[in-house]
Every structure is written in structure tokens, then in C-alpha cells.
Amino acid sequence: MERPNPTGLEQTFADHEIIVSKTDLKGRITYANHTFIQISGFTEEELLGQPHNLIRHPDMPRSVFKLLWDTIQSGEEIFAYVVNLCKNGDHYWVLAHVTPTFNLSGEIIGYHSSRRVPERKAIEKVIPLYRSLKRIEGASSDWRTGMQNAILELRSQLDTVGMEYDEYVFAL
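I will try to describe carefully the structure that is included in this document. Computed from a prediction, not measured in an experiment: that's the story for all the values here.

## Here's the deal with helix α5 (residues 143-161)
Then comes step 1: Look at α5: 27 Å from first C-alpha to last across 19 residues, which is about the 27 Å you get at 1.5 Å a residue.
Then comes step 2: Within α5, burial applies to G146, M147, A150, I151, L154 and L158. Considered in projection along α5, the buried side chains sweep an arc of 140 degrees and stay on one side of the axis. Exposed and oriented more than 90 degrees from the buried face of α5 are D159 and T160.

## Overview of the pairing of strand β5 (residues 108-116)
Then comes step 1: Where strand β1 (residues 19-23) lies against β5, five bridges are found, and the strand directions are antiparallel. When the bridges of β5 are listed, S21 appears paired with S113.
Then comes step 2: Judged from the eight bridges that link them, strand β4 (residues 91-102) and β5 form a sheet pairing that is antiparallel. Paired with A96 across the two strands is R115, which belongs to β5.
Then comes step 3: Here β4 hands over to β5 after five residues, with G106 in that stretch at a positive phi of 85 degrees.

## Quick word on the sheet that holds β1
Then comes step 1: Ordered by their spatial adjacency, five strands build an open sheet running β2-β1-β5-β4-β3, and the pairing between neighbours is antiparallel. Edge positions in the sheet fall to β2 (29-32) and β3 (78-85), since each has one partner strand and no second. Averaged over neighbouring strand pairs, the angle between their axes works out to 30 degrees when direction is ignored.
Then comes step 2: Taken together, the three bridges between β1 and β2 define a ladder with antiparallel strand orientation. Bridge pairing links T23 to I29 in β2.
Then comes step 3: Against the sheet, helix α3 (residues 62-73) touches β3, β4 and β5, its axis set at about 135 degrees to β3.

## Points about the environment of S114
Then comes step 1: With respect to the helices, strands and loops of the structure, S114 is situated in strand β5.
Then comes step 2: Those residues in contact with S114 that sit more than four places away from it in its chain are I18, I19, V20, L95, A96 and H97.

## Brief notes about the environment of M163
Then comes step 1: Considering the arrangement of structural elements, one finds M163 in the loop between α5 and α6 (165-171).
Then comes step 2: Note: C-alpha distance between M163 and R3 (160 residues apart in sequence) is 35 Å.
Then comes step 3: Beyond its immediate chain neighbours, meaning those up to four positions away, M163 contacts L158, Y168 and A171.

## Digging into the pattern of salt bridges
Then comes step 1: According to the stated counting rule, one finds four salt bridges in the structure shown.
Then comes step 2: K87 serves as the salt-bridge partner of E46, at 2.6 Å between the closest nitrogen and oxygen. With E46 in helix α2 (residues 44-47) and K87 in the loop between β3 and β4, the pair connects residues that are 41 residues apart, well separated along the chain.
Then comes step 3: Overall, the relative accessible area of 36% leaves K87 in the partly exposed class.

## Some points on helix α4 (residues 120-138)
Given 3.6 residues per helical turn, the α-helix brings residues three or four places apart onto the same face.
Then comes step 1: Over its 19 residues, α4 extends 27 Å from the first C-alpha to the last, a length consistent with the 27 Å expected when each residue adds 1.5 Å.
Then comes step 2: Buried residues of α4: A122, I123, V126, L129, Y130, S132, L133 and E137, and no others.
Then comes step 3: Of the surrounding secondary structure, the elements contacted by the buried residues of α4 are α3, β3, β4, α5 and α6.

About the thresholds
Residues numbered from 1 in each chain as written. Predicted model: local features only at pLDDT ≥ 70, side-chain atom pairs only at ≥ 80, totals over all residues. Heavy atoms only, no water. Helix = DSSP H or I, 4+ residues; strand = E, 2+ residues; numbered from the N terminus. Expected span 1.5 Å × (residues − 1). Buried < 20%, exposed > 50% of the residue type's maximum accessible area, 1.4 Å probe, protein only. Arc of directions from axis to C-beta. Pairing = 2+ DSSP bridges. Axes fitted to C-alpha atoms, helices over the stretch in contact; angles between N-to-C directions. Contact = heavy atoms within 4.5 Å. Salt bridge = Lys/Arg side-chain N within 4 Å of Asp/Glu carboxyl O.

Structure follows, in C-alpha cells:
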């Protein structure tokens, strides 16, 4: 499925609504609730079986997703601010809580994400950070090197304030 060009228009959803999705180990969507379907603009049929990065906005730093994936694949949960791309090119911000799903033997069998409407003041602080990370990512001719450089910068900034990423998210 081809990604649309961003329109610059922001969509929102109600404070009481929660976007929920589940994926397999490869990040392919196995469940999408009504709120996810409604705000993304995709049908359930279009979402199921697709990689979750189908909704990745081009302004979202790869380095933040790398941190997210490394965390959940290690069996830990993470909270992160994420900007997503709708089917029509609009975007929406979320505060995502992503957790691994375990079977009875304690093995990770998939991932679960619940996303809420974030505080506007937090997003206003995240946007410059994400722009900075994207600039660092784009400064290298190799995307992997750029992503690694951005991760180092993010970790450096977190070390400066003496926080882990989750703590930083909640401090905004």
C-alpha cells in the first residue's frame, strides 16, 4: 500500500477514547479497534496483516522506534509520544503504551499498544526533539548510521537530565 504525502492537517480523537492494536512478532497488525480504524482512515481489512509502520509519519524519528522495539523485544513496556499518518495524509499524535504479550511459558508472542490523546504542552516539547533527531538521522548517507547517531544523541540528552526515556515522557 502506498503512503500518502502528509497534508499537515492534524486529526484528534476524544480524551476518553483509546486506540488499541495488537501485532505479531514481526509487527504485523492482528487486531485494530474501532477508534484506530476511525482515526487512521483505513478499513479493518486494509489494516489486518499489514506492518504497523503502515501508519508511520515521515516526521517520526526512526531512532525512537528503534528504542521502542529494543525495549519491547527485551520484554519490557514503554511509553512514547508518536505521530502517525492517516490514510489521507493527515496526522495524529498519541501517547503510546506498548507492551509485549506473553504466552503461558513466558515467551513473547506479540505486542499490544494502547494509545491516548497526549497533552498538547508535551507535544510542543517533543516536536523540537524529534526534528533534531530527524536532522541527525538525515545527515548520514546510510540510514542505519544516521539512526545510530540519533540514538546516541537521544541517550546523551537523557543522561544530561538523568532520566530514562519513560521518565522523560512523563516529565513533559
